[in-house]
Amino acid sequence: MFNDILNDDFSSAKGPKAIPVTLSTRIRLARNLREFPFPGRAETSQRRAVLTKCMEAMHDIKDLDSSYAVEVDDLSELERQILVEKHLISRELSDMDEASGIILSKDRNCCIMINEEDHLRIQVLQPGLNFSKVWKRVDALDSNIESEVSYAYDGDLGFLTACPTNLGTGMRASVMMHLPGLVMSKNMDKVVNAVNQLGFAVRGLFGEGSDASGSIFQISNQQTLGESESAIIERLDKTLQNLVRQEEFARKKLLQDDGRRLIDKISRAIGSLKSCHLIQSAEAMDLLSLIRLAADFKMLPDSYRSTADRMFIEIQPGHVQLAAGKPVEPDDRDYLRASLLRQKFAKAPFIKTDG
Amino acid sequence: MKCHQCDKQATVHLTQILNGQMHKMDLCESCAQAKGVTNPENLSIGNLMENASDVPEGSDSPMTCESCGTTHSEFKKGGRLGCEACYHVFRPVLDPLLDGMHAGNKHLGKIPAGSKSRVQFEQSISQLRSQLQGAIEEENYEDAARIRDQLKELESKEQANVEG
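Residues numbered from 1 in each chain as written. Chains lettered and ligands numbered in written order. Predicted model: local features only at pLDDT ≥ 70, side-chain atom pairs only at ≥ 80, totals over all residues. Heavy atoms only, no water.

Another aspect to go through is the overall build of chain B. Counting its secondary structure elements, chain B contains 7 helices and 2 strands. Mapped in sequence order, the helices and strands of chain B form the string β-β-α-α-α-α-α-α-α. Residues counted as buried form 29% of the 164 residues belonging to chain B. Partitioning the intrachain contacts of chain B with sequence separation of at least 6 by distance along the chain shows that 33% fall at a separation of at least 24. Accessible surface computed for chain B: about 10,600 Å², of which carbon and sulfur atoms make up 49%. (Helix = DSSP H or I, 4+ residues; strand = E, 2+ residues; numbered from the N terminus. Buried < 20%, exposed > 50% of the residue type's maximum accessible area, 1.4 Å probe, protein only. Contact = heavy atoms within 4.5 Å. Areas by Shrake-Rupley, 256 points an atom, 1.4 Å probe, with all protein chains shown as cover.)

This is how it looks when you write it as structure tokens:
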């Protein structure tokens with residue numbers, strides 16, 4: 001069962017076609033049960049009681065029919081890493097050693113973490129930019145869970161969370177965006193500043209502290225108290241749509257002002273992917289970013305966009321080791337990563353220009 | 001320019017924009033180090049100012065959550081609370097932090113269905129209690145007995161809900 005999840009390429013194939021600029025939308029809700037200390041302060045026995053209570057509460061929820069439930073300490077190091085790379089669980093949860101759990105819905109778009117920083121982290125994700133659909137699902141799921149358990153809640157402060165930065169709605173709404181135009185035109189610093197001032201955070205693909213390799217950014221709300229869920233989402237959505245326009249404008253301008261350099265970069269990326277024999281993940285991410293951009297520009301067939309999106313995940317260290325079927329040293333990983341990419345891009349056409 | 005913490009020459013100058021307002025802080029090398037100003041990513045002037053204004057270093061604040069044992073200095077250090085009761089205990093130090101952190105200090109979002117009935121229950125209990133008090137003061141014992149029965153019924157219902 002677990003092998004199916006690990007091998008399942010949830011980022012594309014079955015789902016709707018990857019959408020330019022916005023790769024995925026996610027909303028997570030932080031919740032705690034009444035009468036139990038938050039996980040960071042709880043005894044193991046209390047954490048275990050919370051885990052059992054939560055697992056039982058999920059049992060009869062229709063949206064979680066045929067879902068997969070597991071305790072974190074039953075997973076190997078590698079299995080945990082893969083779930084992190086798939087963005088299904090947080091690094092923090094993967095480091096927990098006792099009485100923490102994961103519930104993953106059948107369609108893999110809904111993942112509930114139990115006993116992470118809070119008792120419950122309920123999250124729903126979806127390819128493309130689609131906050132209304134994601135909110136509807138996570139809201140319904142939350143209400144269903146709440147009919148089975150009592151949440152720690154205060155009329156003034158809202159949902160009570162271990163960290164006051166999540167207080168109130170307990171909601172973090174975020175998207176993954178591919179912004180190579182803004183990066184290449186050196187506008188990203190300005191964008192980050194402007195977005196920060198609106199109360200939104202910008203991070204790399206793997207969250208806090210991760211770099212922006214592949215020009216992929218995670219943008220999310222920072223503030224959770226003093227605004228309703230719908231108001232936060234609406235403001236974020238507006239900002240993101242504006243960002244998409246800025247990115248489109250930056251791309252057009254790059255092509256107009258320095259098209260030859262852009263085509264040179266993309267063509268070299270195709271060449272490198274076809275012929276590399278050793279490659280680290282950061283470099284691979286940057287090359288894949290150029291492939292995705294080329295597909296958006298229609299310089300490459302559309303299918304290469306989904307290939308790039310899939311590869312963003314499959315070239316990560318955990319996934320490379322999963323494909324190898326065993327733990328692999330970094331040098332050997334670079335070799336395996338290169339052969340995977342060579343194979344995937346063997347048939348990629350070179351870009352023809354009239355000049 | 002003098003350090004915000006001591007009288008030494010300030011060499012570290014921080015500027016941060018919170019909710020559209022510019023905050024500036026000047027620190028000397030050693031105070032900056034002591035405050036953990038090494039990683040600008042995790043830095044919040046709100047927290048620094050908060051730390052600067054309260055208890056001098058070394059003395060532990062008496063504020064402790066009786067329910068889970070979290071102390072004020074633990075909260076200051078880790079930024080995490082231990083349980084729901086902590087939100088009452090640390091409310092005085094929490095409120096100024098929340099101002100810098102969030103768009104407002106009143107929850108305007110979803111209300112859980114369970115809490116709706118809990119809030120209603122608590123309201124009716126307190127209403128009945130004050131009616132009972134009034135009836136006793138007016139020596140209206142017939143009403144008082146009736147209200148007391150209503151109270152008993154409501155409380156036993158809640159007890160059954162909790163146990164069920």
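Let's shift gears to the packing of helix α9 (residues 281-296) of chain A against helix α10 (residues 303-314) of chain A. Residue and element names in this part refer to chain A. Contact pair α9 / α10: the axes reach a minimum separation of 8 Å and the direction vectors enclose 160 degrees. By the angle between their directions, the pair α9 and α10 is classed as roughly antiparallel. Read as a crossing pair, α9 and α10 show a hand that is left-handed. Contact with α9, carried on its side by Met 285, Leu 288, Ser 289, Ile 291, Arg 292, Ala 295 and Asp 296, involves Tyr 304, Arg 305, Ala 308, Asp 309, Met 311 and Phe 312 of α10 and no other residues of that element. Within the contact of α9 with α10, the residues separate by chemical class into 8 nonpolar, 1 polar and 4 charged. (Axes fitted to C-alpha atoms, helices over the stretch in contact; angles between N-to-C directions. Parallel < 35°, antiparallel > 145°, perpendicular 65-115°, else oblique. Left-handed = near helix turned anticlockwise from the far one by under 90°. Nonpolar A, V, L, I, M, F, W, Y, C, P; charged D, E, K, R; others polar.)

With that settled, consider the pairing of strand β4 (residues 110-114) of chain A. All names here are of chain A. Counting buried residues in β4 gives 5 out of 5 residues, a clear majority hidden from the surface. Burial of the side chains of β4 extends over both faces: Cys 110, Ile 112 and Ile 114 are buried on one face and Cys 111 and Met 113 on the other. In terms of strand pairing, strand β3 (residues 101-104) meets β4 through 4 bridges, oriented antiparallel. Bridge pairing in β4 links Ile 103 to Ile 112. (Pairing = 2+ DSSP bridges.)

Everything listed here is a matter of coordinates, which is why it stays silent on function.
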